[in-house]
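These are the residues of each chain, in order.
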Amino acid sequence: MRIQNMFQEDIDRKINGVVKVDQDASDVLVQELKEYVITRELKKHFITFFTNYGDSFREKTADIGVWISGFFGSGKSHFLKMLSYLLENKEVQGERTVEIFRRKFSDDPATFSLIEDAAKGRTDTILFNIDIEGSINKDKTAVLRVFAKMFYNYLGFYGENLKVAKLEQFIARKGKTEEFRRVFEEINGGTWLESRDAFAFFEDDIVATLQQVLGMSESAAQNWFNGTETVETSIAQLVLEIKEVVDAQPDDFRLLFMIDEVGQYVGGDTDLLINLQSLVEKIGSECEGKVWVVCTGQEAIDEIIKARENEFSRIQARFKTRLSLSSSSADEVIQKRILLKTPEAEQDLEQVFTVNDSVLRNLFSFSGAILDIKGYGSADEFARNFPFVPYQFILMQKVLHWRRSIFSMTQCIPSSTVPSVA
Ligand SMILES: Nc1ncnc2c1ncn2[C@@H]1O[C@H](COP(=O)(O)OP(=O)(O)OP(=O)(O)O)[C@@H](O)[C@H]1O
Ligand SMILES: [Mg+2]
């Protein structure tokens, strides 16, 4: 039998090496949902997350911070995206996410019922990559500003520009959104939603619309338009608005900010870390478990704060649910997602192992090797890993890790002194 024909899935299919949380093309989503593997480690994380999250439906809580950490490529973004789709129970190509996961948890109905219960109420998630959405100007309030931007976008306002978003919010509170959009379109010819990103070019039309819809005087409308004072928001103000929105919903409504790459964005910057910490703390104390913040980061959170224990002891307390993805999970993903064999191939391979047992064991026994560098232990392991040998997964990860360390070093020392690893 040719190796190419041994696998359950087409071995030549395209697989995205990196999961992008904002990619929502349905073919990509279907593949990401269908091929998601619940490893033994992930099962534990599902239990921890859904137990803590589920508790918030029974008892008010301030512990709404979740931190997902893991090395590069360990599956943080994929996990975050799956959580978001599950919680919203999104429909993808006619099937609800919870139903897709029912099959994945067919051997563990108890864990599945935690998931099913949590996804019963209406849930909205604001899922984004902070490196893409966050401002390049990382001043002290950069984290607050990206939360505000994404929250206003979620409400349908123009989060890119707080001045415009606040105006839209003011108009919405007066119940005049429809009228404002209609009058603007009558005057301008283009729709408000298409024009608002270039609002600076439409001064006369906006001033005229404000006069007509809100009854402002021409000079008041003009003053608003020309006002150069930066529109500020504070953590207290933003959290108050978030609370207003969730409190207007039924008790089992939940809103989650699900943010990828926070670790890299915040890095070792004390101001950004404090900004994030204060925001999560305020959301926790004000929203009583109805709003959650789930972040990912390459480094374990303990590492980010390593040298500054005192400064940051509070942030650890804010992210009570901490989930760490390890490399053993990656082996299992490769075995189940890529190398899964057809029943015939599995049988053939097990037979090959039985016949050549001692040869194979001898071939891959390494004298003086450290424990995790190993060959095949059984026929079943042979069939699962073929055409790879178990030690190769570990070796590849170490090579990549080493390559990254060298790469970091080249930032500090002349490249001529670093061996090429390409
Ligand atoms: N449980 C899983 N089931 C199926 N595929 C997975 C699983 N976990 C990770 N993958 C796959 O591994 C690859 C890397 O995953 P992902 O992009 O989520 O890693 P990451 O930890 O976010 O990496 P980075 O640190 O570079 O952002 C992707 O192709 C993803 O689909
Ligand atoms: Mg990622």
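Please refer to the structure higher up on the page.
Nothing here was measured: the structure is a model prediction, and the numbers come from that model.

Visitor: Whenever I open this one, the pairing of strand β6 (residues 291-297) confuses me. Can you help?
Guide: Strand residues, when the strand is regular, have side chains that alternate between the two faces of the sheet. Burial analysis of β6 places seven of its seven residues in the buried class, which makes it a mostly covered element. The alternating pattern of β6 places V291, V293, C295 and G297 on one face and W292, V294 and T296 on the opposite face, and all of these are buried. Strand direction decides the pairing type here: strand β1 (residues 65-70) and β6, joined by five bridges, are parallel. From the neighbouring strand, G65 faces β6, where its bridge partner is V293. Sheet analysis places strand β5 (residues 254-260) next to β6, joined by five bridges and oriented parallel. Within the sheet, the bridge partner assigned to L255 lies in β6 and is V291.

Visitor: Would you explain the packing of helix α11 (residues 203-214) against helix α12 (residues 218-226) in this entry?
Guide: When two helices pack together, their arrangement is given by the angle between the helix axes and by the axis-to-axis distance. Where α11 contacts α12, the two axes come as close as 9 Å, and the packing angle between them is 130°. Our classification of the angle between α11 and α12 gives oblique. Handedness of the crossing formed by α11 with α12: right-handed. Mapping the contact onto sequence places E203, I206, V207, L210 and Q211 in α11 and E218, A221, Q222 and F225 in α12. By residue class, the composition of the contact of α11 with α12 is five nonpolar, two polar and two charged.

Visitor: Sorry, what's going on with the site of ligand 1 here?
Guide: Around ligand 1, the structure places 21 residues, and the nearest of them are V37, G75, K76, S77 and H78. If one sorts the elements of the shell around ligand 1 by residue count, helix α3 (residues 76-88) sits on top with three residues. Of the residues in the shell around ligand 1, the class split is eight nonpolar, ten polar and three charged.

Visitor: Would you mind going over helix α19 (residues 343-363) with me for this structure?
Guide: Within an α-helix, residues lying three or four positions from one another point in the same direction, as the helix has 3.6 residues per turn. The end-to-end C-alpha distance of α19, which contains 21 residues, comes to just 26 Å, noticeably less than the 30 Å that a straight helix rising 1.5 Å per residue would cover. For α19, the principal kink sits at N356 and spans about 85°.

Visitor: What is the right way to look at the sheet that holds β1 in this model?
Guide: By way of backbone hydrogen bonds, the strands of a sheet pair with one another, either parallel or antiparallel. Taken together, five strands build an open sheet; the order of strands is β4-β5-β6-β1-β7 and the sheet is parallel. Single-partner strands in this sheet number two, and they are β4 (123-129) and β7 (321-325). Across this sheet, the average inter-strand angle for adjacent strands is 15°, counted without regard to direction. Inspection of the sheet shows β4 paired to β5 by seven bridges, in the parallel sense. Pairing of F128 across the sheet is with I259, part of β5.

Cut-offs and rules
Residues numbered from 1 in each chain as written. Chains lettered and ligands numbered in written order. Predicted model: local features only at pLDDT ≥ 70, side-chain atom pairs only at ≥ 80, totals over all residues. Buried ≥ 20, exposed ≤ 12 C-beta atoms within 10 Å, placed from the backbone. Helix = DSSP H or I, 4+ residues; strand = E, 2+ residues; numbered from the N terminus. Pairing = 2+ DSSP bridges. Axes fitted to C-alpha atoms, helices over the stretch in contact; angles between N-to-C directions. Parallel < 35°, antiparallel > 145°, perpendicular 65-115°, else oblique. Left-handed = near helix turned anticlockwise from the far one by under 90°. Contact = placed C-beta atoms within 7 Å. Nonpolar A, V, L, I, M, F, W, Y, C, P; charged D, E, K, R; others polar. Near = placed C-beta within 6 Å. Expected span 1.5 Å × (residues − 1). Bend = angle between axes of the 7 residues up to and from the residue.

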